Amino acid sequence: MSSILVVRLGAMGDIIHTLPAVAALKAGHPHSRLTWVVEPQWAPLLEANPFVDRVVTFRRERFFESLRDLRAEPYQVAVDFQGLVKSAVVARLAGPRRIFGFAAGIARERAASLLYSNRVNTSAVHMVDMRLDLAAAAGAGKSTLVFPLPPGRTEGDLPEGEFVLASPLAGWRSKQWPIEHYGELAIRLRELGIPLVLNGPPAARAELSQVKGATLHCSGIPGLIDATRRAAAVIGVDSGPLHLAAALNKPGIAIYGPTDPALNGPFGDSLQLVRAPDAITSYKRGAAPDPSMWKIQPALVFDALKAGCFA
């Protein structure tokens, strides 16, 4: 294959979970030219990626311009790692000879599979492994599992010396740990002489500043990557920043509630999983933290963090 299109439009955690599959795809076709189409806000995750030759940003508000950029090259194969109707349509619009995607029942939207020429089944459980299977069907090579992430860039001030980085926000609030708990955790960490840094986008400054005793660090994706690399440990929920930390093999605590850690948990073993024993996997997108998240007390998280990272 001389030209391959990868479709994974967003979001942060999903793109990170797709990085090993794309690296394997390039390894299987080392002389091919690989293009990744992505929504513009997530493009910084692909900076300096050695396995990606071209990045196309797809903007719905500038549809025809994006379509022109997408069609600037002919593709022999497209691989839709997203499994939505919109991502399958983007793959179709690119005009490849073949489109690989998950079979109905595995794709996030069953109708998406109708647009694929090659429908792939998998028995893998975790998202990373599922996407590796999809890449293998498209001729991916067997290569070392890698997460090629950019180095990031400094944005704002961070404490000198060791600090714990927490990213409290998630795509939906039922996955979040109650914001009140971070204040108590910050007090406990101060007993060890270690500051708690809360990271979020600039738009979340007012919400995160409610947490007393923590240092606020608002940044974009490059600043988050830089802060994660510099942190002594991380605390996160089922969201992009946690999966970034796992990809960077950072130690810390992953707090889970209504989502399934086997499917959506941090990849690898650097992060310790904390979940209430009676948590129900519901994927319910509530407007407040799931009751199971309230049951995880700051003392429990602090003790796990102290024993695993600062013993």
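Anything mentioned here points back to the structure above.
Residues numbered from 1 in each chain as written. Predicted model: local features only at pLDDT ≥ 70, side-chain atom pairs only at ≥ 80, totals over all residues. Heavy atoms only, no water.

## Regarding the environment of L192
Moving on, step 1. Its place among the elements puts L192 in the loop between α5 (179-190) and β8 (196-200).
Moving on, step 2. For L192, a relative accessible area of 32% puts it in the partly exposed group.
Moving on, step 3. Through-space distance from the C-alpha of L192 to that of K306 is 8.8 Å; in sequence the pair is 114 residues apart.
Moving on, step 4. Residues in contact with L192, not counting those within four places in the same chain, are F302, K306 and F310. (Helix = DSSP H or I, 4+ residues; strand = E, 2+ residues; numbered from the N terminus. Buried < 20%, exposed > 50% of the residue type's maximum accessible area, 1.4 Å probe, protein only. Contact = heavy atoms within 4.5 Å.)

## Looking at the packing of aromatic side chains
Moving on, step 1. Enumeration over the complete set of coordinates arrives at four aromatic pairs.
Moving on, step 2. Between F63 and F64, the aromatic rings sit 5.2 Å apart at their centres with planes inclined by 85 degrees, giving edge-to-face as the arrangement.
Moving on, step 3. Its relative accessible area of 28% is what places F63 among the partly exposed residues.
Moving on, step 4. Three or more aromatic residues link up through ring pairs in this structure, and these residues are F58, F63 and F64. (Phe/Tyr/Trp six-rings, centres within 6.5 Å; stacked < 30°, edge-to-face > 60°.)

## Describing the environment of I194
Moving on, step 1. Examined against the element boundaries, I194 turns out to sit in the loop between α5 and β8.
Moving on, step 2. C-alpha separation for the pair I194 and A232, spaced 38 residues apart in sequence, amounts to 9.4 Å.
Moving on, step 3. With near-sequence residues (within four places) excluded, I194 lies in contact with E162, F163, V164, L189 and F310.

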